[in-house]
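Close look at the chain arrangement
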Amino acid sequence: SSLVTAATTNHAELLCSQLSREVIDRTSGEPIKILNDVSLLIQPCEFTVIIGPSGGGKSTLLNALSARQPATSGIVLLNGQNLYTHFDAIKKNMALVPQKDVLHSELRLRHALLYTAKLRLPPDLGEQGYRKVVDEYLETVDLGDRGTTSIKNLSGGQAKRASLANEIISQPNLLFVDEATSGLDEHTDSEIMQIFRRIAEGGKTVVCITHNLT
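Notes on the structure in this doc start here.

1. A few points about the overall build of the chain
What the chain contains, in helices and strands, is six helices and eight strands. Of the regular secondary structure in the chain, the N- to C-terminal order runs β-β-β-α-β-β-α-β-α-α-α-β-α-β. The globule rule puts the C-alpha radius of gyration for 214 residues at 17 Å, and the 18 Å found for the chain is close to it. Put simply, the chain has 214 residues, and 45% of those count as buried.

2. With respect to unusual backbone geometry
Of note in the backbone geometry, Cys45 takes a positive phi value of approximately 70 degrees without being a glycine. Mapped onto the elements, Cys45 comes out in the loop between strand S2 (31–42) and strand S3 (47–51). Not every positive phi belongs to a glycine, and Ala67 is a case in point at roughly 70 degrees. Note that Ala67 resides in the loop between helix H1 (58–66) and strand S4 (73–78).

3. Here's the deal with the nonpolar core
For soluble globular proteins, nonpolar side chains are generally found buried alongside one another. Grouped together as the largest cluster of nonpolar side chains are 35 residues, with contacts concentrated most on Leu109, Leu164, Leu175, Val177, Phe196 and Val206. Sorting the residues of this core by element identifies strand S6 (94–97), helix H3 (109–120), helix H4 (126–140), helix H5 (156–168), strand S7 (174–178), helix H6 (186–201) and strand S8 (205–210) as the ones contributing at least two each. For this core, the element with the most residues is H6, which contributes six residues. One finds Ile42, Leu61, Ala64 and Leu174 within the second-largest nonpolar core, a separate group that totals 23 residues.

4. Comments concerning the sheet that holds strand S5 (residues 81–82)
Spatially, four strands are ordered S2-S1-S4-S5 in an open sheet, and the strand pairing comes out antiparallel. Lying at the two open borders of the sheet, with one neighbouring strand each, are S2 and S5. In the sheet, strand S1 (residues 14–24) pairs with S4 via five bridges, with the strands oriented antiparallel. Paired with Ser17 across the strands is Ile75, a residue of S4.

5. Brief notes about the pairing of S2
Direction of pairing for S1 relative to S2: antiparallel, over a ladder of eight bridges. Counterpart to Val23 in the pairing with S2 is Ile32.

6. Brief notes about the pairing of S8
Across the six residues that make up S8, a large majority, six, are buried. Residues Thr205, Val207 and Ile209 point to one face of S8 and Val206, Cys208 and Thr210 to the other, with burial holding for every one of them. As judged from the five bridges shared by S3 and S8, these two strands associate in the parallel manner. Each residue of the ladder has a partner; that of Thr48, found in S8, is Val207. Direction of pairing for S7 relative to S8: parallel, over a ladder of five bridges. Paired with Leu174 across the bridge in S8 is Thr205. Following the chain from S7 across H6 to the adjacent parallel S8, one finds a crossover that is right-handed.

Each value, and the rule that gives it
- Residues numbered from 1 in each chain as written.
- Predicted model: local features only at pLDDT ≥ 70, side-chain atom pairs only at ≥ 80, totals over all residues.
- Heavy atoms only, no water.
- Helix = DSSP H or I, 4+ residues; strand = E, 2+ residues; numbered from the N terminus.
- Rg over C-alpha atoms; globule rule 2.2 N^0.38 Å.
- Buried < 20%, exposed > 50% of the residue type's maximum accessible area, 1.4 Å probe, protein only.
- Core = buried A, V, L, I, M, F, W, Y, C linked by side-chain atoms within 4.5 Å.
- Pairing = 2+ DSSP bridges.
- Right-handed = clockwise from strand over helix to strand, strands pointing away.

Quick look at the structure:
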């Protein structure tokens, strides 16, 4: 058998086949399978949610799909390329929104995002280009009116959206989200999920893990 992909140019198709991961039990020394023979296809511009209880293997699967912690066996293809063997070449097309916010709390939001833009975007974009991209993604995450606010003064939901803007500013095709809405109230969680939906409809592929059934 063989794996065949037909992804759209500049979009991201993620295909995995028979992913498993084993770790060694610290007490017994015996191997434990914490990911068991997972196969799935996530097509371009889809918003896919991996849902389950704590300890169910959600983070293990996300880590395997994003190559943060590769599976023990199986294969992951991003637009037909083996993610594990070609990671350095294709990692620029991926971004991950972590569960813990990483932006410096003392900086104003726009300044923090400008630093990220200058680090991750082509140098020939210039100051005006950097500012245009930052303003675009502030609007994408509904923070267009919070650019001059210090990150420490943002609400919990706003801080999560700021972290999202920080990751998508590099314009990845594939976005992983590691329980970024954990600890937020149901309304705020819903608002952020709607943003992920819009991002997917705008051309990116989004994979998100959550334990929130709502």
